[in-house]
Structure formats: C-alpha cells, structure tokens
Amino acid sequence: QVQLVESGGGLVQAGDSLRLSCSASGRAFSLYGMGWFRQVPGKEREFVAAIAWTGDTVSYARSVKGRFTISRDNAKNTLYLQMNSLKTEDTAVYYCAVTRNSFDFSARRDDYDAWGLGTHVTVNS
C-alpha cells in the first residue's frame, strides 16, 4: 500500500519561497513518475509539476513555470517542490501523487493512482 505524506506548507507573503516535501513508501519509488497538483475550494485539482522516474524529465504548468522547481531524491524516497516568487493565486492545498504505471511520466491527473492528504499553502499579499 502506497503512502505519501506531504509537508512544508504554511502561511507566507507574496514574493516569499517555500519548499514542499513528499515522503513516499510502499512502492518502488524510484521506478515511478511523481507529480504535484493543487486544489482550491470549488475548483478541480490542477496539475502543477511532474517528474519522470529518473528525475531527468520534468514538466510544469504554465502558471508556475520559471518559479517552481520539482525534484526528487530516489535514495530518500522523497519528492520536492521548490516554490519561489509566490503569488496570492498560488494559495491552495498541494498534493503529491505517484503514477499508476511504472516508468510513466504524465501531467494528467487520471494517470496517478495514489495521493497524499495534502499540505496547505497560503500566500498573502
């Protein structure tokens, strides 16, 4: 059974930085693609960033490209999201997720089958 636990969220001011972490267990972490998604009340969960199992291929939503960086440490079974130049519109609950299939890489929510409980990020102006 896969377990994903996010951490690092909090309350910050616009322009600040945060680093989210996601600790994974229960699956061969290094063989699966990982992603970050976010959700605000009343809206669908949206893609933020994805990283391939090797860590050498990444993808970002247009809204965060150039400000956020996704990375992974397979030795530690940990996924990261470095968020710089935060904006009020980045306020959301952030979720990490692992792909359903090994060696997959996707920005599509339906390609992920395991999710953490989320960590809250609030950006004030």
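Residues numbered from 1 in each chain as written. Predicted model: local features only at pLDDT ≥ 70, side-chain atom pairs only at ≥ 80, totals over all residues. Heavy atoms only, no water.

Trainee: Break down the pairing of strand E4 (residues 32-39) for me, citing the residues and quoting the values.
Mentor: Counting buried positions along E4 gives 7 out of 8 residues, so the element sits mostly inside the fold. Bridging between E4 and strand E9 (residues 92-102) involves 7 bridges; their strand directions are antiparallel. Among the inter-strand pairings, Met-34 is bridged to a residue of E9, identified as Val-98. With 5 bridges joining them, E4 and strand E5 (residues 46-51) adopt antiparallel strand pairing. By the bridge assignment, Arg-38 is partnered in E5 with Glu-46. Between E4 and the antiparallel strand that follows it, E5, lie 6 residues; Gly-42 among them carries a positive phi value of about 85 degrees. (Buried < 20%, exposed > 50% of the residue type's maximum accessible area, 1.4 Å probe, protein only. Helix = DSSP H or I, 4+ residues; strand = E, 2+ residues; numbered from the N terminus. Pairing = 2+ DSSP bridges.)

Trainee: Describe unusual backbone geometry, with residues and values.
Mentor: Unusually for a residue other than glycine, Asn-77 sits at a positive phi of about 55 degrees. We classify Asn-77 as partly exposed; its relative accessible area is 27%. At Ser-85, a position not held by glycine, the phi torsion is positive, near 50 degrees. Following the sequence through the fold, Ser-85 ends up in the loop between strand E8 (78-83) and E9.

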